[in-house]
Amino acid sequence: MGQMNSGFPLNLRTAQVGVVTGIIGATLLLVSPARLGSQSPQNKIVWTDKEEPILQGLQGLRGLADEVRPQATQQLALDIRALPAGEHKLALANGLANLSTEGDFGHDTLQEVATTLAAALSEHPVPEKKGEPDDAYLELAQLVRYEHVQASVDSMEFSMAMAVLEADDQKRQKADFTLYDLDGKPWTLKSLRGRVVLVNFWATWCPPCRKEMPDMERLYEQFRKKGLVILSISDEGAGKVKPFIEDMGISYTVLLDPGRKVNDEFDVMGIPKTFIYNRKGKLVAESIDMRTRNQFLAMLAQAGLK
């Protein structure tokens with residue numbers, strides 16, 4: 001898989017196959033089932049009879065139809081909440097939060113997920129490391145800030161995570177970049193004032209990225225004459241990106257960021273991730289994961305496109 005700008009060695013949001021295996025120190029590890037048996041005895045995670053079905057449920061979420069996934073997600077949240085406090089419970093709760101934003105599964109579903117993660121963190125706090133909050137606090141903070149759920153965690157680490165997101169958004173508001181498209185043409189963000197700009201970070205290996213791309217293409221066709229510009233940024237090489245884009249039938253602008261300079265400027269910790277700037281260059285909407293057509297429409301409406 002591509003390089004991740006995250007504390008996760010692998011991330012359920014972007015991994016092809018991933019399940020939670022626990023927290024070692026302050027780092028959440030996500031590995032494939034095949035790796036479980038190959039771990040050294042001292043590092044092998046032993047799951048209880050109550051935890052194992054939840055682990056399997058997390059692994060199978062992506063395979064469920066969208067109409068049944070919200071109910072399954074809510075049930076997993078309740079099952080995790082009933083577990084004894086500890087690092088296993090926190091790892092499972094954080095893994096579920098990673099998966100719960102891959103589309104539009106409803107506010108009630110996200111609220112259950114956030115309540116479960118908040119409870120796990122309250123019961124099993126993870127200290128900050130080198131002045132940075134643990135990824136589980138950042139995951140919860142993203143749900144609160146960008147998905148508009150409620151969560152109560154009375155801790156310095158959670159407050160720190162919220163402050164990190166605020167600072168990241170301030171950086172993104174001031175961000176500018178020049179990258180080249182697949183034809184070698186340069187595109188500069190701030191030169192597009194007067195247009196609505198959707199900046200999307202993605203990769204060819206990312207299943208949620210691939211899932212949202214057809215909706216983005218249809219939205220581009222719908223709104224391009226009204227001033228919509230899509231800048232879709234990949235950190236992979238042209239040799240991999242160009243044939244993929246051709247196979248997908250994508251006509252919006254795809255930019256290459258092989259050195260990840262712009263990924264780092266936007267503090268992209270997981271993909272897909274989308275930012276929308278209005279005609280005045282103001283950042284008005286963003287997502288922490290893949291979006292459906294209706295979710296994209298709601299974001300574009302905040303920039304005045306309807």
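Coordinates for the structure precede this section.
Report follows, based on the coordinates.

Conventions used here
The residue count restarts for each chain, going from 1 along the sequence in the order it is written. Local features in this predicted model are restricted to residues of pLDDT 70 or higher, and side-chain atom pairs are both shown and tallied only at a pLDDT of 80 or more, whereas totals for entire chains, interfaces and linings draw on every residue. By convention in this description, side-chain values take in all heavy atoms of the structure and omit both hydrogens and water. Helix numbering and strand numbering both begin at the N terminus, where a helix is a DSSP run of H or I of at least 4 residues and a strand a DSSP run of E of at least 2. When a residue's accessible area, from a 1.4 Å probe over protein chains only, is under 20% of the maximum for its type it is buried; when over 50% it is exposed; and in between it is partly exposed. For the purposes of these results, a polar contact is taken to be a pair of N or O atoms within 3.5 Å, where, inside protein, one atom must be able to donate a hydrogen and its partner to accept one; residues adjacent in sequence count only when each atom of the pair is a side-chain atom. Site definitions follow a grid-based scheme: protein atoms alone, a 1 Å grid, a 1.4 Å probe that fits but cannot get out for cavities, and for pockets an open set with protein on both sides within 12 Å along at least five of seven lines, plus lining residues having an atom within 4 Å of a point. Grid points are joined across faces, edges and corners, and a volume is the space filled by probe spheres set on the points. Any residue that is not Ala, Val, Leu, Ile, Met, Phe, Trp, Tyr, Cys, Pro, Asp, Glu, Lys or Arg is counted as polar, Gly included; the first ten are nonpolar and the last four charged. Disulfides are defined as cysteine sulfur pairs within 2.5 Å. Throughout this description, the term nonpolar core refers to a set of buried Ala, Val, Leu, Ile, Met, Phe, Trp, Tyr and Cys residues connected via side-chain atoms within 4.5 Å. Between two residues, a contact is recorded if the distance between any of their heavy atoms is within 4.5 Å. The arc in question is the one spanned by the directions pointing from the helix axis to the C-beta atoms. DSSP bridges decide pairing: two strands pair if at least two such bridges lie between them. All axes are obtained by fitting lines to C-alpha atoms, using only the stretch in contact for helices, and the reported angles, taken between N-to-C directions, cover 0 to 180 degrees.

The next point concerns the environment of Gln222. Inspection of the secondary structure puts Gln222 in helix H8 (residues 207-223). In this structure Gln222 comes out as partly exposed when scored by relative accessible area, which is 39%. Note: C-alpha distance between Gln222 and Lys306 (84 residues apart in sequence) is 9.9 Å.

Structurally, Glu147 can be placed in helix H6 (residues 135-147). At 3.4 Å, the side chain of Glu147 and the side chain of Arg291 are in polar contact.

So, on to the layout of surface pockets. Taken as a whole, the largest pocket spans an internal volume of roughly 480 Å³. Breaking the lining of the largest pocket down by element, the ones donating at least two residues are helix H5 (107-123), H6, helix H7 (156-174), strand E9 (283-287) and helix H11 (293-301). Ranked by residues supplied to the lining of the largest pocket, first place goes to E9 with five residues. Looking at the lining of the largest pocket residue by residue, the classes come out as nine nonpolar, eight polar and six charged.

Quick look at the state of the cysteines now. Taken as a whole and assessed by the stated rule, the structure comprises one disulfide. The residue that forms a disulfide with Cys206 is Cys209, at a sulfur-sulfur distance of 2.4 Å. A torsion of 80 degrees about the S-S bond marks the disulfide between Cys206 and Cys209 as right-handed. Side by side, Cys206 and Cys209 carry an identical accessibility label, which is buried.

For the rest of this paragraph, the subject is the nonpolar core. One finds Phe177, Phe201, Phe266, Ile276 and Leu300 to be the most contacted residues of the largest nonpolar core, which totals 49 residues. Those elements that provide at least two residues to this core are strand E5 (196-202), H8, strand E6 (228-234), helix H9 (238-248), strand E7 (253-256), strand E8 (273-277), E9 and H11. With sequence-adjacent residues up to four places away left out, Ile276 is seen in contact with Val196, Val197, Leu198, Lys282, Leu283, Val284, Ala285, Met299, Leu300 and Ala303. By size, the runner-up hydrophobic cluster in this structure holds 38 residues, among which are Leu92, Tyr137, Leu138 and Val153.

Locating Leu99 in the fold gives a position in helix H4 (residues 87-99). It is 9.9 Å that separates the C-alpha atoms of Leu99 and Val113, two residues lying 14 residues apart in sequence.

Quick look at helix H2 (residues 51-60) now. Residues Glu51, Ile54, Leu55 and Leu58 constitute the buried set of H2. Projected down its long axis, H2 shows its buried positions confined to an angular sector of 105 degrees, all on one face.

The strand order across the open sheet built from seven strands is E4-E3-E7-E6-E5-E8-E9, with neighbouring strands paired in mixed fashion. Two strands lie at the open edges of the sheet, namely strand E4 (186-188) and E9, each paired on one side alone. Going from strand to strand, the sheet's axes swing by 30 degrees on average, the running direction of each strand aside. As defined by bridge partners, E5 adjoins E6 across seven bridges and the pair is classed as parallel. Its bridge partner being in E6, Leu198 is matched across the sheet by Ile230. Helix-sheet contacts for H7 involve E8 and E9, and the interaxial angle to E9 is about 125 degrees.

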